[in-house]
Amino acid sequence: MHAQPLIELRRVYRNFRQGRNTVPVLQDINLEIYPNEVLCLVGESGCGKTTTGKIIAGLLNTSSGEMVFEGKSFDALEGEAKADARRALQIIHQDPFASLNPSHTIEQILRFPLRRHKLAENNAALRRRIWELLTMVDLTPPGDIVNKYPHQLSGGQRQRVSIARALTVQPRLIVADEAVSMVDVSIRISLLKMLQDLRRRLGMAIVFVTHDLALAKYFAWEGRIAVMYLGRIVEIGPTPQIIQNPSHPYTKALIAAIPEADPDLARSKQPMPLRSEDIPRLTEMPPGCAFHPRCPFFVEGMCDVAVPELAPAPGYDQRVACWPLNRGEPLRLHDPTLETS
Amino acid sequence: MNDVVLSVRDLSISYLVRRGRLKAVQNVSFDLHRGETLALIGESACGKSTLNLGLMRLLPKTARIDGGQLIYTRRDNTPIDILKLKPRDLRRFRWQECAMVFQAALNSLNPVIRVQDMVYDTARAHGETNRDRVKKRIMELFRLVRLDPDRVFNAYPHELSGGMRQRVLIALSVLLEPQILLLDEPTTALDILTQRAILEILKDLRRQLGLSIIFISHDLSIAAEIADTVATMYAGHIVEKGPVGDVFYRSRHAYTRGLLDAVPKLEGDAQELASIPGSPPDLIDPPTGCKFHPRCGFATDRCHDDLPALIPVGAEHHLAACWESDQVYAVTQEKREHARATAD
C-alpha cells in the first residue's frame, strides 16, 4: 500500500550499562513507519517504548541492528543528508516543565532552531514564522505569548510551545513521548486533536508513546498500535483490531485490567487471572517468551524454550509473537496440575 | 441510627503565599458513612489533596484552617472534634482511627530499615509492645494484600517493586485497625496490571475489615470502578456529589459533564471527545459567582454573579452546585439516548 517506509528498524537491539550489568532494554525490534501514519507504542514502564521512540527520533544509537531513514542507514548519512534527516525527525518530551529552558522567552525558544537551521532570511521573516507557529498551536494572540517565560504558562500551554518548537524545522515525523500524561485530563483531548490536525495539514507521521491504551485507541483509531513487553513488540496491527480483538495474552490481560470511566462497564469487567503478578527483571529474563511466567495460556516445552517471532496468526489481522497463536492453535488455560517435576 | 464516621461541615483551608491567600478548600461539607467508599475526583490544584491532609490535620505550616468543623465518631459512638484535639490525642487519632496511604510509596518507606522494623516502630509508637501479636497481625495483612509474608517482612524497601511497596503501605496503614482509610492517588505511578491488583486488594480489604475509604484521584475510571459515592471538586469547592451511577450517568454539573466527555473509553468504536476550554482559575483571585463559569458552555449572567449552593437535585443523595443543572441533565440524557441509538 505504501511505497517506502519513512523509518525502518531492522533487528534493533539496545543495551544499557548498569554498573557491572548490561541491561538488554530492546531486543530484536522490527518496525516500519510510513509517511503520514499514526503509530502508538504502548506498554508498561520498563518495556522499552521510550527507548524505541528515541531511536526512531535519531537521538539514541542502536547497540546492534539498523535504523533506516528513507531507505538509507541513518548512521551512514553524512553532511547535508544527515542534517536533513535530523530535521525530519523531532520529538516532544513528556515533561514540558523540564524540556523548555526557563531562562529563555518563548520567542527565544522558537528563534533558536530557526536561526540554527537558517530557516528564515531576515528578522522580519523570523518574526513572521514565530507568529505563524504560535498560531498553528492555538497560542493566540501570539503577541501575548512571545515575551513570556515558560513558568508564566500553564502546563498545556507549555506543551503547545514544545510542539511549536518541533514544527520549526518542518519535520516529517514527530515522536510524542507521553506528551499529554502531565497535562490535566480536561485539556488533554484538545492537545491531541491539535496534533492530529497538524499531522493532516502538514503531512507528518506521529509516533505516539503512551502507557494509556484508551488514549492510544482514541488517538490512533485510524492508525496502528504496537504493544511492547519487556523490550519486545508482542503484537502490532490496526488499532481497532488490537483493541477489540486482541490476540496476545499480554494484550488481553492489559485490556481486561484497564478500569473504564463507566461504572456499569467497570464493574462487569472480568480481570484475566495471571500466573504471577511479578514482572521479571530485564537482567534476569526468563527463557523463551518473556511473558510465559505470567501467562495463563502457557504451554510447557514450547513457550519456555524459544522466543516467538512477530508473525501472522491465523484468524487475526495483526501480527503477534505467541507460539500457540502463530501455529494456529487455540489458547488453552495452562493446567497447573500438569506441572510435574 | 448513626452510621456517619466522619462529618465535615463548611471546611475552608487556605495557604499563605506571596501574593496573598490561596483559597484551596472552600466551604466543603460531606458525611462519610460506615463502610462507604467516597471518591474525590478533580484535576491538579482543585484542592483535593489539601482537603485530605486537612482531615488528618497534616497540613504544612503555611496552611490555615479558616473555619468549619470536623466530627469523627469512634467505634463506641463517642464523637470527637478533630479540630480541637490536643497533640497527644491527635497522634492517637492518626493511624489508630484514621490512616493514610500516600501516592509515592517509595518516599513513604524508610529506605534504611527493614519492613519489620517499620511495623514494630509503628505499633510501639501507638502503645502496642507485644511483638508476637504485631507480627501475627501483619503477616495476616500481608497475606490479605497478596504478598509473600516471610519475604516482605525481612526485606528492605529497595528490594521490593513499586506495586509491592504500595501493598506494604496499605497493609501497614490498617495495622492498627483504623475505621477510615485515606488514599491519595494510590495507583497513579503504578503499571496497569499492578494497578488492577491494588484495586482488587482494596475491594477485599473494604469487605473484610469494614473500612470507610476516602479515595482521591484525578482518574475517573478508578472512581467508576470502586466508589459508592463520587464527589467532584473544582477550584476548592465540591460541585457535585452523589451515588456513582447518578454522577456518571445523570450528571447535574457542567464540570462533571465536561470531565466525562474528555475521557476516552476502551469499549466501543471511535468516540467523540472534547476538552473543557480554558484552564483552571487562579485560586488567589478566583472568578466571581460559580468558579467554573468562565469555562462553562451553559453559563448565564446568574452564574457570573452568584455562587450556586450544593443542593439536592434529581435522585436522593444527589447534590450539585450548578444554576443550570437541569440543562446539564438534559444534555446528558440526550447523549445517552444518542449513544444507545447508535449502538443498536
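Residues numbered from 1 in each chain as written. Chains lettered and ligands numbered in written order. Predicted model: local features only at pLDDT ≥ 70, side-chain atom pairs only at ≥ 80, totals over all residues.

### With respect to the pairing of strand 2 (residues 21-33) of chain A
For a regular strand, side-chain orientation follows a simple rule: the groups alternate between the two sheet faces.
Residues and elements named next belong to chain A.
For step 1, the next point in the chain: The pairing of strand 1 (residues 7-18) with strand 2 spans 9 bridges and is classified as antiparallel. Counted as the bridge partner of E8 is E32 from strand 2.
For step 2, the next point in the chain: Linking two consecutive strands that pair antiparallel, namely strand 1 and strand 2, is a turn of 2 residues; a positive phi of about 60° is found at G19 within it. (Pairing = 2+ DSSP bridges. Helix = DSSP H or I, 4+ residues; strand = E, 2+ residues; numbered from the N terminus.)

### A word on the domain arrangement of chain B
Residues and elements named next belong to chain B.
For step 1, the next point in the chain: Domain parsing of chain B yields domain 1 (35-63 + 89-227) and domain 2 (251-343).
For step 2, the next point in the chain: Its C-alpha centre places domain 1 at a distance of 32 Å from the equivalent point of domain 2.
For step 3, the next point in the chain: Listed per partner, the contact involves 4 residues of domain 1 and 4 residues of domain 2.
For step 4, the next point in the chain: Residues of the side of domain 1 that touches domain 2, tallied by class, amount to 2 nonpolar, 1 polar and 1 charged. (Domains from an automatic or database assignment. Contact = placed C-beta atoms within 7 Å. Nonpolar A, V, L, I, M, F, W, Y, C, P; charged D, E, K, R; others polar.)

### Quick look at the sheet that holds strand 2 (residues 20-33) of chain B
All names here are of chain B.
For step 1, the next point in the chain: The strand order across the open sheet formed by 4 strands is 2-1-4-5, and the pairing between neighbours is antiparallel. Edge positions in the sheet fall to strand 2 and strand 5 (79-81), since each of these pairs with one other strand and no more. If you compare each strand with its neighbour and ignore which way they point, the axes differ by 10° on average.
For step 2, the next point in the chain: Examined bridge by bridge, strand 1 (residues 4-17) and strand 4 (residues 63-73) share 8 bridges and lie antiparallel to one another. Across the sheet, residue S7 finds its bridge partner in strand 4, namely I71.
For step 3, the next point in the chain: Along the sheet, helix 1 (residues 48-55) contacts strand 1, strand 2 and strand 4; its crossing angle with strand 2, the most-contacted strand, is approximately 65°. (Axes fitted to C-alpha atoms, helices over the stretch in contact; angles between N-to-C directions.)

### Some thoughts on the nonpolar core
Burial of nonpolar side chains together is a common tendency in soluble globular proteins.
For step 1, the next point in the chain: Counting 201 residues, the largest nonpolar core has L173(A), V207(A), F208(A), A226(A) and A171(B) as its most contacted members.
For step 2, the next point in the chain: Ranked by residue count, the leading element in this core is helix 8 (residues 192-209) of chain B, at 7 residues.
For step 3, the next point in the chain: For L173(A), the residues in contact, after removing those within four places along its chain, are L6(A), I7(A), I33(A), A88(A), L89(A), M204(A), A205(A) and V207(A). (Core = buried A, V, L, I, M, F, W, Y, C linked by C-beta atoms within 7 Å. Buried ≥ 20, exposed ≤ 12 C-beta atoms within 10 Å, placed from the backbone.)

### Overview of the interface of chain A and chain B
For step 1, the next point in the chain: Listed per partner, the contact involves 34 residues of chain A and 34 residues of chain B.
For step 2, the next point in the chain: Elements with a minimum of two residues in the side of chain A that touches chain B: helix 7 (185-202), helix 8 (213-219), helix 10 (249-257) and helix 11 (263-268) of chain A.
For step 3, the next point in the chain: At 6 residues, helix 7 of chain A tops the list of elements feeding residues into the side of chain A that touches chain B.
For step 4, the next point in the chain: Here the residues of the side of chain A that touches chain B sort into 20 nonpolar, 5 polar and 9 charged.

### A short note on unusual backbone geometry
For step 1, the next point in the chain: The omega torsion across T140(A) and P141(A) is -10°, close enough to zero to call that bond cis.
For step 2, the next point in the chain: Unlike most non-glycine residues, E70(A) shows phi in positive territory, near 45°.
For step 3, the next point in the chain: Relative to the assigned elements, E70(A) resides in the loop between strand 4 (64-69) and strand 5 (72-73).
For step 4, the next point in the chain: Here A45(B), not a glycine, exhibits a phi torsion of approximately 65°, which is positive.
For step 5, the next point in the chain: Relative to the elements of secondary structure, A45(B) occurs in the loop between strand 3 (37-41) and helix 1.

### Observations concerning the domain arrangement of chain A
Residues and elements named next belong to chain A.
For step 1, the next point in the chain: Entries for chain A in the domain assignment read domain 1 (7-240) and domain 2 (247-341).
For step 2, the next point in the chain: For domain 1 versus domain 2, the distance between C-alpha centres works out to 31 Å.
For step 3, the next point in the chain: Every contact between the two is made by 19 residues of domain 1 and, on the other side, 19 residues of domain 2.
For step 4, the next point in the chain: A total of 7 residues in the side of domain 1 that touches domain 2 trace back to one element, the largest contributor, which is strand 10 (residues 232-238).
For step 5, the next point in the chain: Partitioning the side of domain 1 that touches domain 2 into residue classes produces 12 nonpolar, 5 polar and 2 charged.

### Some details on the pairing of strand 7 (residues 173-177) of chain A
Residue and element names in this part refer to chain A.
For step 1, the next point in the chain: Taken across its 5 residues, strand 7 has 5 buried, putting it largely inside the fold.
For step 2, the next point in the chain: Judged by which residues are buried, strand 7 turns out to be covered on both faces: L173, V175 and D177 on one side and I174 and A176 on the other are all buried.
For step 3, the next point in the chain: Strand direction decides the pairing type here: strand 6 (residues 89-92) and strand 7, joined by 4 bridges, are parallel. Bridged to I92 within strand 7 is A176.
For step 4, the next point in the chain: Where strand 7 meets strand 8 (residues 205-210), 5 bridges bridge the pair, whose relative direction is parallel. Bridged to L173 within strand 8 is A205.
For step 5, the next point in the chain: As for the winding sense of the linkage, the β-α-β connection from strand 7 through helix 7 to strand 8 is right-handed. (Right-handed = clockwise from strand over helix to strand, strands pointing away.)

### So, the confidence of the model for chain B
Detailed conclusions should not be drawn from predicted coordinates in areas where pLDDT is low.
Residues and elements named next belong to chain B.
For step 1, the next point in the chain: Here chain B averages 91 in pLDDT, while 98% of its residues score no lower than 70.
For step 2, the next point in the chain: Mean pLDDT values for the elements of chain B range from 70 in helix 3 (residues 105-108) up to 97 in strand 10 (residues 237-243).
For step 3, the next point in the chain: Both confidence scores are given for the complex: pTM 0.89, ipTM 0.85. (pLDDT = per-residue confidence, 0-100.)

### A few points about the packing of helix 10 of chain A against helix 8 of chain B
For step 1, the next point in the chain: At a closest axis distance of 9 Å, the pairing of helix 10 of chain A and helix 8 of chain B adopts a crossing angle of 45°. Between helix 10 of chain A and helix 8 of chain B, the angle falls in the class oblique. You can see that helix 10 of chain A and helix 8 of chain B cross each other, and the crossing is left-handed. On helix 8 of chain B, the residues that touch A253(A), L254(A) and A257(A) of helix 10 of chain A are I192(B), L193(B) and R196(B). (Parallel < 35°, antiparallel > 145°, perpendicular 65-115°, else oblique. Left-handed = near helix turned anticlockwise from the far one by under 90°.)

### Concerning helix 1 (residues 49-56) of chain A
Residues and elements named next belong to chain A.
For step 1, the next point in the chain: Of all 8 residues that make up helix 1, 7 are buried, and the element is covered over most of its length.
For step 2, the next point in the chain: Taken together, the buried positions of helix 1 are K49, T50, T51, T52, G53, I55 and I56.
For step 3, the next point in the chain: Backbone geometry just after helix 1 places G58 at a positive phi near 75°.

### Remarks on the sheet that holds strand 9 (residues 224-229) of chain A
For step 1, the next point in the chain: Strand order across the open sheet formed by 8 strands is 6-7-8-3-9-10-12-11 (chain A), with mixed pairing between neighbours. Looking at which strands have only one partner, the edges of the open sheet turn out to be strand 6 and strand 11 (311-312) of chain A.

### Observations regarding the packing of helix 3 (residues 106-116) of chain A against helix 4 (residues 123-136) of chain A
All names here are of chain A.
For step 1, the next point in the chain: At their nearest, the axes of helix 3 and helix 4 sit 10 Å apart, and the two run at 115° to each other. Where helix 3 crosses over helix 4, the handedness of that crossing is right-handed. Only L126, R129, I130 and L133 of helix 4 make contact with helix 3, whose side of the interface consists of E107, L110, R111 and L114.
For step 2, the next point in the chain: Here the residues of the contact of helix 3 with helix 4 are counted per class, giving 5 nonpolar, no polar and 3 charged.

### As for the environment of A339(B)
Residue and element names in this part refer to chain B.
For step 1, the next point in the chain: By secondary structure assignment, the location of A339 is in helix 13 (residues 325-343).
For step 2, the next point in the chain: Given 13 C-beta atoms within 10 Å, A339 falls into the partly exposed group.
For step 3, the next point in the chain: A C-alpha to C-alpha distance of 53 Å links A339 and A123, two positions 216 residues apart in sequence.

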